[in-house]
Amino acid sequence: MKINGQFVTPVSPASLLALPLRFAALGDGPSSWAAVGSLREVRRDGAGVFRAVFTPPQAVVPIPLQVTITVQRAAADGALLQVHGRRGPHAVDVALIVDFSDEPGGTRVSWAAD
């Protein structure tokens, strides 16, 4: 399955790329991650891999997944993230490609997942 989308933000690509470092600095406490409603129990391991419980916000029946998010590439023009999700014996792997382009007043963020 392939899905994609885009949005425009007033934030620069450099600021967007710095978000994982900012998230890591927030710590593992629940109040640190309260603004990210679909994630809980977020932590970052020694290899820099994010681990969390993800619950899709628009699912008919909420089904939480144990996820790992690994940054494969991060540059001024975009990023490649590898996301692995598991629930019981079922697993899903997603390659998430994120592209940044200049937009009047900010950055257009386009993403595609496969």
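Look up a bit, the structure's there.
As the structure is a prediction and not an experimental result, all values here were calculated from the model.

> How should the nonpolar core be read in this particular structure?
Burial of nonpolar side chains together is a common tendency in soluble globular proteins. Ranked by size, the top nonpolar core spans 7 residues in total: Leu-16, Leu-81, Leu-96, Val-98, Phe-100, Val-109 and Ala-113. Elements represented by at least two residues in this core include exactly β6 (90-103) and β7 (106-113). Sequence-distant contacts of Val-98, that is, excluding residues within four places in its chain, are made with Asp-77, Gly-78, Ala-79, Val-109, Ser-110 and Trp-111. Listed in part, the 5 residues of the second largest apolar core include Leu-39, Phe-50, Ala-52 and Val-67.

> What am I meant to see in unusual backbone geometry here?
Residues apart from glycine generally show negative phi values, whereas peptide bonds are mostly found in trans. Of note, the phi angle at Glu-41 is positive, near 55 degrees, even though the residue is not glycine. Along the chain, Glu-41 turns up in strand β2 (residues 39-44).

> Even after reading the chapter, I still don't get the pattern of salt bridges, so can you show me in this structure?
Pairing is possible between side chains that carry opposite charge, provided their charged atoms lie close to one another. One pass over the structure, following the stated rule, counts 4 salt bridges. Note that Arg-51 is salt-bridged to Asp-45, the shortest N-O span being 3.1 Å. Notably, a salt bridge pairs Glu-103 with Arg-108, separated by 3.2 Å at the nearest N-O pair. Residue class for Glu-103 comes out partly exposed when judged on its relative accessible area of 25%.

Criteria and thresholds
- Residues numbered from 1 in each chain as written.
- Predicted model: local features only at pLDDT ≥ 70, side-chain atom pairs only at ≥ 80, totals over all residues.
- Heavy atoms only, no water.
- Core = buried A, V, L, I, M, F, W, Y, C linked by side-chain atoms within 4.5 Å.
- Buried < 20%, exposed > 50% of the residue type's maximum accessible area, 1.4 Å probe, protein only.
- Helix = DSSP H or I, 4+ residues; strand = E, 2+ residues; numbered from the N terminus.
- Contact = heavy atoms within 4.5 Å.
- Salt bridge = Lys/Arg side-chain N within 4 Å of Asp/Glu carboxyl O.

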